[in-house]
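Read off the chains here:
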Amino acid sequence: MYTLTKVGKTYRQGQRTVTALKDVDLVIPQGQLVAIQGPTGGGKSTLLQLLGALERPTSGSIGLGSSVLSSLADRRLAKVRSHQIGFVFQGFNLIPTLTAQENVETALEPFRLKTDARRRRARESLESVGLGDRGGHLPAELSGGQQQRVAIARALVKEPEVLLADEPTGNLDEETRDDIMELLEGLWRDRGLTVVIVTHDTAVARRAERRLHIKQGRLTER
Amino acid sequence: MFGTYLLRELANRRKQTTIIAIGMALAIALVVVLNAVSAGVREAQSRVLESIYGVGTDLTVTGTFEPGEGGTGPQTFTFGRDDGETAEGTTELSQSRLVTARGSVAMDASTIETVASVDGVASAAGTLSLENMTFSGAMPAASDDGEVTQDMVAPAVPGTGGADGAGGSEFGVDTFSVEGVDSVEVGPLSATELVDGRMLEDSDAGAPVAVLDQTYASSEDLAVGDTVTIAGEEFEVVGIVASATADAATASDAYIPLDVAQELADLDDQVTTVYVQADSASSVDAVSTALESELPDATVSTQADLASNVSGSLSTASTLIANLGAWLSLLVLAAAFLLAILFTISGVTRRTREFGTLKAIGWSNGRIVRQVAGESLVQGLLGGALGIALGFAAVLAINLAAPSLTAGESPLGGLVGPSGPMTETAAETTVTLSASVTPIVLLLAVGLAVLGGLLAGAFGGWRAARLRPAEALRSVA
C-alpha cells in the first residue's frame, strides 16, 4: 500500500525552479489498479518516479508498506526497487545485446540466485506472458508487443508487490495494446498486484478500477 | 550473468573494443620492446664493463685526477755519448720505461687494506696501470771530441715518430699497456680466459713473467715461452689470455706481477686502481658511501658510474632508451590510457538508458560499476595480450637483425678507472645487441594492461554511478 502525504517535487531548470508536484495526498491500497492521466508536463512521470523509488520528494513523505521511501538511503532504495517494485516502460528498455531470457534474468541479479534457479524462474516468467518459445531471441528479433511482454516478464519475475507502467502501450498498435492490457489485467487479478499505469490513452485508463488526473502538479480523482 | 553480459557488450561494440585494445597493445608493445632493448643494452654494457673492469667488480677506487698529474706528461729520454751501439757510422739508440697510464694517479697500496676493512666489502685487489714506452732509433755517430746528448721529447701519441730533421736521424716511440696485478679473481684478469699457458700465480711475485692479451701477442707474434721486453727487462711469456666476452678485447696488452710492476715503474707500494667486490648487490651504495668517507682523496665509482664512461653507439643507444624511449613510452601509455578512458566514458553516456533501466530494476551502483570496470579490464587485457605478442614479434625482429653497437671508454674515462691502454682496447669493442623479454617485463605488460583497464573502468564506472535512474530514464523519454 502506498501512502503519500503532502508530497511536493521541484526541479531546477537553469535559474528557474519548476514545480512538478504540489501537496499530493494519495493512498493506493494493495491490489488496486490505478490509471493516472493528464497533459504532458503535468507531473505524471514525476509521480511515477516517486512511487518507483527512483526519486525522493522535495517535501512530504511517501510510504510503501512499512518503508518510508522519502527517507531511505540510495542503497535501501535500490533494494526496494529490486524486491518490491516492477517497472514497465513505454520504450520497453530491454538490453539489446541480451536475449529475452537473459533480459528477464537481469531483474533477478540482485537476488544472487544460483544460475539454475535464475534461469528456471526467468523461463517460467516468459511462459506466463506467452513467450516460452522466444527466450533465445534478441529484442531486435521480436515485435513491439513481444518486447513489451518480455519487459512485463522482467518486471514480474521477482514477484513484486507493485507494478508501475509508464505508457506501456504508447508504442503499440490498438490490437497489440489490447493484448498487453489484457495481459496486465490478468496478472493483476491473478497475483493481487498493485498496478499503477500512467497513460494518455483514455481507452487504457477506462480499464482501471480507479482513475486519477494530474495537471500542473495537482492530483485529482476522476 | 556478469560474464554473459560482459562478453555480449564487448562483442556488440567491436569497434570500440578494437580501438581500445589496439591503443593499449601499441603502448604495451612499445614498453615491452623498450624494456627488452634496455635490458639488452644493459647486458651489452655489462659485457663491455666486465672486459674493462673485470667480472663481479662492483666498485673501483682510483686516485683523483688533477690536471698535470698522471704518467704521460712530456717524457724526456736522455742518452749519453756511450749509449747505443755504433756500427758503420750510425748509432742505434733505444730506451724503455714504465710510466703510469694516462689519466691514472698512483695511490698508496695501503688503500687496499683500508678498502678491505670497510663493512660490506667481500674482496679488494689493487692494480697498477702502466704504459711501457720505448724510444728507439738511429742517428749518425758522434765524433770523438764531442759529447752527444739528445734530449728527446716523446710524442704523446703512441707509435709516432719520424725524421728529426737533424740529418739522417730517425726515432720512433712504441707504447703498449702493462697492468701490474696481484689477483686473478678480482680485477681485469677475472674477465679473461686462458688461451694458452697459465695464469699468473701467487708464486710469481717478484718474477719476470708476463701474461699477454691474445690480440697483442698475435700482433707482436709472441707465444708462450717467448720473451717480451718491458722497461728494458726481459719477461717470459707464461700465458695468453682473451676476453671472456666473445667480442671484446681484454683490459691491457700485458699483465705482470704487481710488485714487479711497482719496482720497474719506481712506484713502490703504489697502485692506481683498487677493484672492490661488495658482499651483495644491495650493499653497493652503502659501501660506496663508506669508501668515500674513508678515502676522501680518492674517487669511488660504482658500476653505474662506470657505465656512464662507456661511449660509442652503445652509449648512444643507452642514452636514447633512458631518455627518449622512456618519455615516448610514457607518452604513448598516457595516450592509450586516455583513449580507453574517453571511449569508456563515451560508451557509458551512450548506454545511459541501459544503466538507468538496470538501476530502475534494482541494480546497485556497485554492481553497475563492476560491470563497466569488468568490460574495461577485459579490453585492457585483450590489448595487453596483443601488445605482448606484438612486443615479442618486434624483439624477435631486433634479434634477427642483430644490430652491432660499438663501445669504448669515453675521453673522461681516466677519471674513474684504468684508462690509456684501456681506451685503446675498449674503443674497438663491438657488441651485438640482443634484446630479451624477461618475466618481469611480461609482468609489467600485464600490470599496465590491468592498470589501463581499471583506470578506464574507474572513470566509466564513476560516470555510470553518478547517473540518477530517473534522469537516465528521462533522458530518453
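Residues numbered from 1 in each chain as written. Chains lettered and ligands numbered in written order. Predicted model: local features only at pLDDT ≥ 70, side-chain atom pairs only at ≥ 80, totals over all residues. Heavy atoms only, no water.

### Details of the packing of aromatic side chains
For the record, the criterion: Any Phe, Tyr or Trp ring, taking Trp's six-membered ring, that has another such ring centre within 6.5 Å forms a pair; planes under 30 degrees apart are called stacked, those over 60 apart edge-to-face, and the others tilted. Whether a charge sits over a ring comes down to the Lys NZ or Arg CZ being within 6 Å of the ring centre and within 35 degrees of the ring normal.
On inspection of all chains with the given rule, the structure shows 3 aromatic pairs over all chains. Of note, Arg-121 of chain A hangs over the ring of Phe-111 of chain A, and the distance from its end group to the ring centre comes to 5.9 Å. Seen from the ring of Trp-363 of chain B, Arg-367 of chain B lies directly overhead, with NZ or CZ sitting 4.2 Å from the centre.

### Re the nonpolar core
Convention followed: The set of buried Ala, Val, Leu, Ile, Met, Phe, Trp, Tyr and Cys residues whose side-chain atoms join them within 4.5 Å is what this entry labels a nonpolar core. With a 1.4 Å probe rolled over the protein chains alone, any residue whose accessible area is under 20% of its type maximum counts as buried; one over 50% counts as exposed, and the rest are partly exposed. Residue contacts follow a heavy-atom distance rule, with two residues in contact if any of their heavy atoms lie within 4.5 Å.
Core analysis: the biggest nonpolar cluster contains 49 residues, and Val-150, Ile-152, Leu-163 and Ile-197 of chain A together with Phe-355 and Leu-358 of chain B have the highest contact counts within it. In this structure, Ile-152 of chain A is in contact with Val-88, Val-129, Ile-180, Leu-183, Leu-184 and Leu-187 of chain A, ignoring residues within four places of it in sequence. The next biggest cluster of nonpolar side chains, apart from the first, holds 41 residues, and it includes Ile-112, Val-121, Phe-176 and Ala-231 of chain B.

### Description of the side chain of Gln-147 of chain A
All names here are of chain A. Cut-off, in case you're wondering: Going along the chain from the N terminus, every DSSP run of H or I of four or more residues is numbered as a helix, and every run of E of two or more is numbered as a strand. Any pair of nitrogen or oxygen atoms within 3.5 Å is treated as a polar contact; in protein, a donor-acceptor pairing is required on top of that, and neighbouring residues in sequence qualify only through side-chain atoms on both sides.
Summarising the element assignment, Gln-147 is placed in helix α5 (residues 144-156). Given a relative accessible area of 16%, Gln-147 falls into the buried group. Here the side chain of Gln-147 touches Leu-142 through a polar contact of 3.2 Å, landing on its backbone oxygen.

### A short note on the confidence of the model for chain A
Just so we agree on the cut-off: Confidence scores labelled pLDDT are given residue by residue by the predictor and lie between 0 and 100.
On average, residues of chain A score 90 in pLDDT, and 100% of them reach the 70 mark or higher. Model confidence for chain A, summarised as mean pLDDT per element, is weakest for helix α6 (residues 174-191) of chain A at 87 and strongest for helix α3 (residues 100-106) of chain A at 95.

### A look at the pattern of salt bridges
All names here are of chain A. Definition in use: Note on definitions: salt bridges are taken to be side-chain nitrogens of Lys or Arg within 4 Å of carboxyl oxygens of Asp or Glu.
Taken as a whole, this structure holds 20 salt bridges over all chains when the rule is applied. Among the salt bridges present, the one from Arg-56 reaches Asp-74, with a minimum N-O distance of 2.8 Å. A residue pair is termed long-range when its members are at least 10 positions apart, and Arg-56 in the loop between α1 (44-51) and β4 (59-64) and Asp-74 in helix α2 (residues 74-84) qualify at 18 residues. Take Arg-56: its relative accessible area is 23%, and that puts it in the partly exposed class. Ionic pairing is found between Arg-134 and Asp-133, a salt bridge with its closest N-O pair at 3.1 Å. Residue Arg-134 is classed as partly exposed on the basis of its relative accessible area of 26%.

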